[in-house]
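Structure at a glance
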Amino acid sequence: MEIKAVIFDLDGVIVSTDEFHYQAWQSLADGEGIYFDRKINDNLRGISRMESLEIILRKATKKYSDSQKAEMAARKNNYYCKLLEKLSPADLLPSVTNILNDLRTRGIKMAVGSSSKNSPVILNRIGLGTYFDATADGNDIKKSKPDPEVFLLAAERLKIASRHCLVIEDATAGVEAAINAKMYVLAIGQAKSDMRAHLRANDLASADFVEIFKNHGEYQCQNQD
Ligand code: B16
Ligand code: MG
């Protein structure tokens with residue numbers, strides 16, 4: 001199986017906005033008197049804003065109406081967008097720039113596949129607004145990860161068959177989405193112990209791209225910083 005394209009998850013793979021999501025949900029939960037911690041937050045990785053809220057509300061002692069939920073989701077997004085104002089190209093996670101440049105030089109197609117509706121804002125802030133050959137995000141899809149929709153759409157926009165795509169993910173929901181899309185998947189960070197992934201690494205910086213492409217195509221990547 002030759003890898004012709006790499007589809008990057010955004011939050012937690014390219015940039016550590018996953019920490020901002022945590023802080024924003026914590027602010028919301030504190031304001032509502034709902035218990036929330038980093039362990040619960042890990043279950044929110046890769047899934048949509050409203051699905052995340054539903055998980056948080058499992059710890060709530062009162063029932064919320066749909067309009068109250070919509071207001072809470074908007075409030076969380078306001079906290080989150082405030083934090084995004086601080087983002088800059090300096091916030092790219094280690095090795096991202098080198099890996100992107102290497103992939104580009106070798107002719108590998110690249111896309112972003114993110115559940116986030118804030119994906120375009122984030123990409124602009126980190127200086128990658130026009131970098132990718134294609135993007136697919138929370139604004140384009142009906143079902144978020146673990147549904148494969150976002151990755152299938154990214155591959156369609158790249159015009160590359162699923163079996164030639166490598167997804168890089170930090171969420172177990174994202175690993176499952178890639179497998180559901182019949183794509184190859186490298187799991188990093190929180191997802192690194194997910195045995196369903198074909199490849200696993202602590203983070204992008206320690207992923208052995210030389211080995212990956214030696215086994216799955218002619219491409220060889222130099223990913224030293
Ligand atoms: P938003 P990814 C996901 O992005 C996040 O991991 C997840 O925590 C978040 O709830 C989701 O985006 C929706 O984000 O509220 O900005 O639309 O990891 O798929 O890039
Ligand atoms: Mg992620």
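Among all residues save glycine, negative phi is the norm, and among peptide bonds the norm is trans. Omega for the bond connecting Lys 145 with Pro 146 falls within 30 degrees of zero, at 15°, which places this linkage in the cis form. Tracing the backbone through its elements, the reader meets Pro 146 in the loop between strand E3 (134–136) and helix H7 (149–158). Even without being glycine, Lys 182 reaches a positive phi, approximately 60°. Following the sequence through the fold, Lys 182 ends up in the loop between helix H8 (172–180) and strand E5 (184–187). Assessed through its relative accessible area of 66%, Lys 182 is described here as exposed.

Within the protein, Asp 9 (OD), Asp 11 (O) and Asp 170 (OD) serve as the donor atoms for the magnesium ion (ligand 2), at 2.0 to 2.2 Å. One chain supplies every donor to the magnesium ion (ligand 2), and in sequence these donors are spaced D-x1-D-x158-D. In this pair, Asp 11 sits in the loop between strand E1 (5–8) and helix H1 (17–32) while Asp 170 sits in the loop between strand E4 (165–169) and H8, placing the two residues 159 residues apart along the sequence. Under the relative-accessibility criterion, Asp 11 is labelled buried at 13%.

With respect to spatial proximity, 18 residues lie near ligand 1, and among them Asp 11, Ile 47, Ser 114, Ser 116 and Asn 118 are the closest. Here an oxygen atom of ligand 1 sits 2.8 Å away from a polar atom, N or O, in the main chain of Gly 46. A distance of 2.7 Å separates an oxygen atom of ligand 1 from a polar side-chain atom of Asn 118. Protein contacts shield 97% of the accessible area of ligand 1, which totals 470 Å² for the unbound molecule. When each cavity is represented as a set of grid points, ligand 1 is found to reside in the largest pocket. Grouping the amino acids of the shell around ligand 1 by side-chain chemistry returns four nonpolar, eight polar and six charged. Split by domain, the residues of the shell around ligand 1 number at least three in each of domain 1 (5–16 + 90–218) and domain 2 (18–84).

To continue, consider the packing of aromatic side chains. Geometry of an aromatic ring pair is reported as the spacing of the ring centres plus the angle between the planes. Summed over all chains, the structure comprises three aromatic pairs. For the pair Tyr 22 and Phe 36, a centre-to-centre distance of 6.0 Å together with 20° between the ring planes defines the contact as stacked. With Tyr 22 in helix H1 and Phe 36 in the loop between H1 and helix H2 (38–42), this residue pair connects regions lying 14 residues apart in the sequence. Relative accessible area serves as the criterion here: at 5%, Phe 36 is assigned to the buried category.

We now examine the layout of surface pockets. By volume, the largest pocket is sized at about 540 Å³. Every residue lining the largest pocket is counted, 32 residues in all, and those nearest its centre are Ile 47, Ser 48, Arg 49, Ser 115 and Ser 116. Of all elements in the fold, only H1, helix H3 (49–56) and helix H4 (66–84) reach the threshold of two or more residues within the lining of the largest pocket. For the lining of the largest pocket, the element with the most residues is H3, which contributes four residues. Across the lining of the largest pocket, the residue classes tally to seven nonpolar, twelve polar and 13 charged. Of the domains in this structure, domain 1 (5–16 + 90–218) and domain 2 (18–84) are the two that each give at least three residues to the lining of the largest pocket.

Moving on to the packing of H1 against H4. Pairs of packed helices are described in terms of their axes, by the angle between the two and the distance that separates them. Close contact between H1 and H4 brings their axes to 9 Å; oriented N to C, the two are set at 135°. Taken together, the axis directions place H1 and H4 in an arrangement best described as oblique. For H1 against H4, the interelement crossing comes out right-handed. When H1 is examined against H4, the residues Thr 17, Phe 20, His 21, Gln 23, Ala 24, Trp 25, Ser 27, Leu 28 and Glu 32 are found in contact with a partner set consisting of Met 72, Arg 75, Lys 76, Tyr 79, Tyr 80, Leu 83 and Leu 84. Its residues assigned to classes, the contact of H1 with H4 shows nine nonpolar, four polar and three charged.

Domain boundaries assigned for the chain yield domain 1 (5–16 + 90–218) and domain 2 (18–84). A separation of 25 Å is found between the C-alpha centroids of domain 1 and domain 2. Of all residues in domain 1, the largest losses of buried area upon contact with domain 2 belong to Ser 16, Asn 118 and Gln 190, amounting jointly to 35% of the total for that side. Viewed at the interface, domain 2 and domain 1 are joined by one salt bridge. The partner of Asp 170 in a salt bridge is Arg 45, and the shortest N-O contact between them spans 3.0 Å. In this assembly, domain 1 and domain 2 are joined by nine residue pairs in polar contact (both at pLDDT 80 or more). Its residues assigned to classes, the side of domain 1 that touches domain 2 comprises four nonpolar, six polar and five charged.

Procedures and definitions
Residues numbered from 1 in each chain as written. Chains lettered and ligands numbered in written order. Predicted model: local features only at pLDDT ≥ 70, side-chain atom pairs only at ≥ 80, totals over all residues. Heavy atoms only, no water. Helix = DSSP H or I, 4+ residues; strand = E, 2+ residues; numbered from the N terminus. Buried < 20%, exposed > 50% of the residue type's maximum accessible area, 1.4 Å probe, protein only. Donors = N, O, S within 2.8 Å, 3.2 Å for Na, K, Ca; no water. Near = heavy atom within 4 Å. Polar contact = N/O pair within 3.5 Å; in protein donor to acceptor, adjacent residues only side chain to side chain. Areas by Shrake-Rupley, 256 points an atom, 1.4 Å probe, with all protein chains shown as cover. 1 Å grid on protein atoms, 1.4 Å probe; cavity = no way out; pocket = protein on both sides within 12 Å on 5 of 7 lines; lining within 4 Å. Sits in = over half its atoms within 2 Å of the grid points. Nonpolar A, V, L, I, M, F, W, Y, C, P; charged D, E, K, R; others polar. Domains from an automatic or database assignment. Phe/Tyr/Trp six-rings, centres within 6.5 Å; stacked < 30°, edge-to-face > 60°. Points joined across faces, edges and corners; volume = space filled by probe spheres on them. Axes fitted to C-alpha atoms, helices over the stretch in contact; angles between N-to-C directions. Parallel < 35°, antiparallel > 145°, perpendicular 65-115°, else oblique. Left-handed = near helix turned anticlockwise from the far one by under 90°. Contact = heavy atoms within 4.5 Å. Buried area = accessible area lost by both parts, 1.4 Å probe. Salt bridge = Lys/Arg side-chain N within 4 Å of Asp/Glu carboxyl O.

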